[in-house]
Amino acid sequence: MSSACRDNWERLMAIVLKRQQYLELCNKPHSRSPSTSTISSDFSEESLSQELGFVSQFPFPQRPSLSQAVGNNTITRRLFSPWYQSRKMESPLEILRPTSLADASDAVWDRFLPSDLLQIVSRSVSPVVYANKKELYSRLCHSPILIDAGKLSFCLEKESGKKCYMVGASDLRIIWCGDSPQYWDLVSDKNSRFSKVAVLKSVCWLEIQGTIDTRMLSSNTIYGAYLVFKLDDRKAYGLKSANAFVRIGDGLTEIVAVHLQAATGSQQQHSGRVAVRRSDEWMEVELGSFYRDGGDDGTVETWLLGTEGRQWKSGLIVQGIEFRPKP
């Protein structure tokens, strides 16, 4: 890539980051402090039009118009439009044309990677080898790594570069798992990213809890919590209905019905959330969602509770609970 083209792409990255500052400013209280005034003055009508005019030279798919991107007439409308706040930050693959991906500098890719990424990678149980930040981004989008002695897996969401974690079965709180082998067992599974999965032998009370510190997650993002599992079709029963919810501090999301096992025969069609198959051949069902803002929210708890305490249950194989950004 020529130096002139590289300068253009660097300038484009700066514009995208400035647009992101709009969203960050929306989440702050109104202030007349010098810092806020300086930011606001940087976003004048004239400078914004010039910058978006520069962006318009590049053939992005479905590129928004000026009015779509920032609203009409006033800076206030640009800053506080609900539609604009809801727009996703463009991913590296959307911002960089395919012909320029190979030539994008580490400085460009750094702007899309989490600020603590290298610290997270340093906790990997095995070395993560990469030649540049683009290769690291691609590696973490397609191949999760195990961190913290194999208790967690970590990867990046491809479209946004935001952080995704899965808590392995061994570190979930599963009633009677680990100390009562007649009910649950922890065994190896060649198709799991973790060393152990939890295998349900037989229980009448199903209770699974997973937790994660919200400070580990990407800010200003809606996350979903997903139980990742599969069924032993020869032994699976009693799993057609359960309750699930997510809690942050004293805040409790709506309790929803989830179905790990499909209805059969003349049974009534499920209402609630039904498990779906993942690309890695495991199954998943959403347990709930929550918004991670930029503050210290504490710990997120997500629960799965069997709804029929007198009905015995069997055949569930749990890999973990995944926390990832929702589309």
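Residues numbered from 1 in each chain as written. Predicted model: local features only at pLDDT ≥ 70, side-chain atom pairs only at ≥ 80, totals over all residues. Heavy atoms only, no water.

**Section: the confidence of the model for the chain**
Keep this limit in mind: Confidence scores per residue from the predictor, reported as pLDDT, run from 0 to 100. Contact criterion: two residues are considered in contact whenever any of their non-hydrogen atoms come within 4.5 Å of each other.
Across the chain, pLDDT averages 77, with 65% of residues at or above 70. Confidence over residues 26-46 falls short of pLDDT 50; this stretch has 25 contacts with residues more than four positions distant or in other chains. Every residue in residues 51-89 is under pLDDT 50, and counting partners more than four places away or in other chains gives 66 contacts.

**Some remarks on the environment of Thr-221**
Convention followed: Secondary structure elements are defined from DSSP: runs of H or I of at least 4 residues count as helices, runs of E of at least 2 residues count as strands, and each element is numbered from the N terminus. Distance and chemistry together define a polar contact, namely a pair of N or O atoms within 3.5 Å, with one atom able to donate a hydrogen and the other to accept it when in protein, and with adjacent residues in sequence counting only for side-chain atoms on both sides.
As for its placement among the helices and strands, Thr-221 is situated in strand β8 (residues 221-231). Residues in contact with Thr-221, not counting those within four places in the same chain, are Lys-162, Phe-290, Tyr-291, Arg-292 and Pro-325. Polar contacts involving the side chain of Thr-221 include one to the main-chain carbonyl oxygen of Ser-219, which spans 2.8 Å.

**Looking at helix α10 (residues 133-142)**
Definition in use: Partly exposed describes any residue whose relative accessible area lies between the buried limit of under 20% and the exposed limit of over 50%, with all areas from a 1.4 Å probe on protein chains only and scaled to the type maximum. By construction, the arc corresponds to the directions joining the helix axis to the C-beta atoms.
All buried positions along α10 are accounted for by Lys-133, Leu-136, Tyr-137, Leu-140 and Cys-141. Projected onto a plane normal to the axis of α10, the buried residues spread over an arc of 130° and lie on a single side. Where α10 starts, the residue carrying a side-chain oxygen 3.3 Å from the main-chain nitrogen of Lys-134 turns out to be Asn-132.

**Overview of the packing of aromatic side chains**
In plain terms, the rule: Classification of ring pairs uses Phe, Tyr and Trp, with its six-membered ring standing for Trp, and accepts pairs whose centres are within 6.5 Å; under 30 degrees between planes counts as stacked, over 60 as edge-to-face, and the remaining range as tilted. A ring is scored as having a charge over it whenever the NZ atom of a lysine or the CZ atom of an arginine sits within 6 Å of its centre and within 35 degrees of its normal.
Tallying each qualifying case throughout the model produces six aromatic pairs. A centroid spacing of 5.5 Å and a plane angle of 45° characterise the contact between Trp-176 and Tyr-183, whose relative ring orientation is tilted. Measuring from centroid to centroid gives 5.9 Å for Tyr-223 and Phe-290, while their planes differ by 15°, and the two rings are stacked. One end of the pair, Tyr-223, is in strand β8; the other, Phe-290, is in strand β14 (residues 283-292), with 67 residues separating them in the sequence. Judged by its relative accessible area of 0%, Tyr-223 falls in the buried class. For Phe-290, a relative accessible area of 6% corresponds to the buried category. By the ring-pair criterion, three or more aromatic residues cluster together here, those being Tyr-223, Phe-290 and Phe-323. A cation over an aromatic ring shows up here: Lys-230 above the ring of Trp-282, its NZ or CZ 4.5 Å from the ring centre. A cation sits over an aromatic face here: Arg-324 above Tyr-226, 3.8 Å from the ring centre.

**Side note on unusual backbone geometry**
Here the phi dihedral of Asp-148 falls at roughly 55°; this positive angle occurs in a residue that is not glycine. Tracing the backbone shows Asp-148 in the loop between β1 (145-147) and β2 (152-156). Phi at Glu-281 takes a positive value of approximately 80°, unusual for a residue other than glycine.

**Digging into the pairing of strand β11 (residues 256-259)**
Heads up, the condition is: Each pair of strands is called paired provided DSSP finds at least two bridges between the two strands.
With three bridges connecting them, strand β9 (residues 242-248) and β11 associate as antiparallel partners. Bridge assignment links Asn-243 to a residue of β11, and that residue is Ala-257. Note that β11 and strand β12 (residues 273-274) share two bridges and pair parallel. Residue Val-258 lies in a different strand from β12, and its bridge partner there is Arg-273.

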